[in-house]
Amino acid sequence: MTNPISKIRQFYKETVVELKKASWPTRAELYSSIIVVFVAIGLLGAYVALADFSIYNVVDLLTGLVKGK
């Protein structure tokens, strides 16, 4: 049976080696990516809010017709 501490240490060393190989974004690339993500979140949030509002009103209209309001 192998020592679990040595396996953890080996995993940590291999992780550090792989992270050094990765290409990290520059500050400008990071800021532009953040802006894209925030815009996408805003658009998706607006779409979900509009869809929710529309579906709520359609269901309210249909239930009002069934109840005879």
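Everything below is about the structure shown above.
Reference entry: report on the structure contained in this document. Just so it is clear, the model here is predicted, and its values are computed rather than measured.

### Quick word on the environment of Lys20
Inspection of the secondary structure puts Lys20 in helix H1 (residues 4-21). Between the alpha carbons of Lys20 and Ile34 there is a distance of 23 Å; along the sequence they are 14 residues apart.

### Regarding the environment of Lys67
On the secondary structure map, Lys67 appears in helix H2 (residues 27-67). Given the relative accessible area of 68%, Lys67 is considered exposed. Along the primary structure Lys67 and Leu43 are separated by 24 residues, whereas in three dimensions their C-alpha atoms are 36 Å apart.

### Notes on the pattern of salt bridges
Counting across every chain of the model gives 1 salt bridge. Its salt-bridge partner being Lys21, residue Glu18 comes within 3.3 Å of it at the nearest N-O pair. A residue pair is termed a helical-turn pair when its members lie 3 or 4 positions apart in one helix, as Glu18 and Lys21 do in helix H1 at 3 residues. When its relative accessible area of 59% is taken as the criterion, Lys21 is described as exposed.

Rules and cut-offs
Residues take numbers from 1 onward in each chain, read along the sequence in its written order. Local features in this predicted model are restricted to residues of pLDDT 70 or higher, and side-chain atom pairs are both shown and tallied only at a pLDDT of 80 or more, whereas totals for entire chains, interfaces and linings draw on every residue. Heavy atoms from the whole structure form the basis of all side-chain values; hydrogens and water molecules are not counted. Note on conventions: DSSP H or I runs of at least 4 residues are helices, E runs of at least 2 residues are strands, and numbering of each starts at the N terminus. Any residue under 20% of the maximum accessible area for its type is buried, any over 50% is exposed, and the rest in between are partly exposed; the area is computed with a 1.4 Å probe on protein chains only. The rule for a salt bridge is simple: a side-chain nitrogen of Lys or Arg has to be within 4 Å of a carboxyl oxygen of Asp or Glu.

From the geometry alone we can't say anything about function, so treat these as descriptive.
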